[in-house]
Amino acid sequence: SIHIKQIGFTNQATVYCGLSQGNYTTHTCTRADIDITSTGDNNVAKAYSQWSNHEDNTFTITQTGDSNYGYLDLDNNRNTGTVSQTGNNKYAKMYAFGDNADSTITQSGTGQHNGYIYNANHADNNSSTITQSGSGNHDADIWWYSDADDGIASITQSGSGNHTARLNFYNDDWNVDV
């Protein structure tokens, strides 16, 4: 398990699960629990799981206040990623490259709300959820690329301000309820 907690000022945290000394294949990252929490000021949090043999990981980014930026790269299968942001300028981006991934972005409070989830080609049985609430502009996009089958995509927005939600499907046979 890797747990990072930062409070105030120009906080930045990056975790590379499965990467050592610039080499992507030096060790595996399986069943890891990676948790990054930052409170206040210019918080930036990024976590990456490198492709080879990196399954069943749980990534969590929790950011409160100021210039929130959260980024998760979920490589391989059965990974779970959660970005929760409260406060000022919320921006979250998540990539799911494997099967059976659960990707969740939750943003609340005042200010900008920007959430984006990308599901790669052949990323099957994935769940993508973006929930945005509070005042300010809301922008949410979920992308499903070719042969990313049998998944669930959901965007929920509430509160005052402009609301933009896009579900982008670049594959076959989807049932969509709006």
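Heads up: these notes are all about the structure in this document. Predicted, not measured: the structure shown is a model, and the values here were computed from it.

**Some thoughts on the overall build of the chain**
Here is step 1 of the chain: For the chain, the helix and strand inventory stands at 0 helices and 14 strands.
Here is step 2 of the chain: Secondary structure of the chain in N-to-C order comes out as β-β-β-β-β-β-β-β-β-β-β-β-β-β.
Here is step 3 of the chain: Counting over 178 residues, the chain shows a buried share of 42%.
Here is step 4 of the chain: Partitioning the intrachain contacts of the chain with sequence separation of at least 6 by distance along the chain shows that 52% fall at a separation of at least 24.
Here is step 5 of the chain: Accessible area for the chain stands at about 8400 Å²; split by element, carbon and sulfur atoms hold 44% of it.

**Quick word on the nonpolar core**
Here is step 1 of the chain: Ranked by internal contacts, the top residues of the largest apolar core, which has 23 residues, are I34, I36, A47, L72, V83, M94 and I105.
Here is step 2 of the chain: Mapped by element, the contributors of at least two residues to this core are strand 2 (12-17), strand 3 (33-39), strand 4 (44-49), strand 5 (58-64), strand 6 (69-74), strand 8 (90-96) and strand 12 (138-144).
Here is step 3 of the chain: The residues contacting V83, other than those within four sequence positions of it, are I61, G70, L72, A92, M94, T104, I105 and T106.

**Let's talk about the sheet that holds strand 4**
Here is step 1 of the chain: Spatial ordering of the open sheet is given by 2-4-6-8-10-12-14, a layout of 7 strands whose pairing is parallel. Lying at the two open borders of the sheet, with one neighbouring strand each, are strand 2 and strand 14 (163-169). Along the sheet, successive strands turn relative to each other by an average axial angle of 5 degrees, direction set aside.
Here is step 2 of the chain: As judged from the 6 bridges shared by strand 6 and strand 8, these two strands associate in the parallel manner. Considered in strand 8, the bridge of D73 is made with Y95.

Calculation rules
- Residues numbered from 1 in each chain as written.
- Predicted model: local features only at pLDDT ≥ 70, side-chain atom pairs only at ≥ 80, totals over all residues.
- Heavy atoms only, no water.
- Helix = DSSP H or I, 4+ residues; strand = E, 2+ residues; numbered from the N terminus.
- Buried < 20%, exposed > 50% of the residue type's maximum accessible area, 1.4 Å probe, protein only.
- Contact = heavy atoms within 4.5 Å.
- Areas by Shrake-Rupley, 256 points an atom, 1.4 Å probe, with all protein chains shown as cover.
- Core = buried A, V, L, I, M, F, W, Y, C linked by side-chain atoms within 4.5 Å.
- Pairing = 2+ DSSP bridges.
- Axes fitted to C-alpha atoms, helices over the stretch in contact; angles between N-to-C directions.

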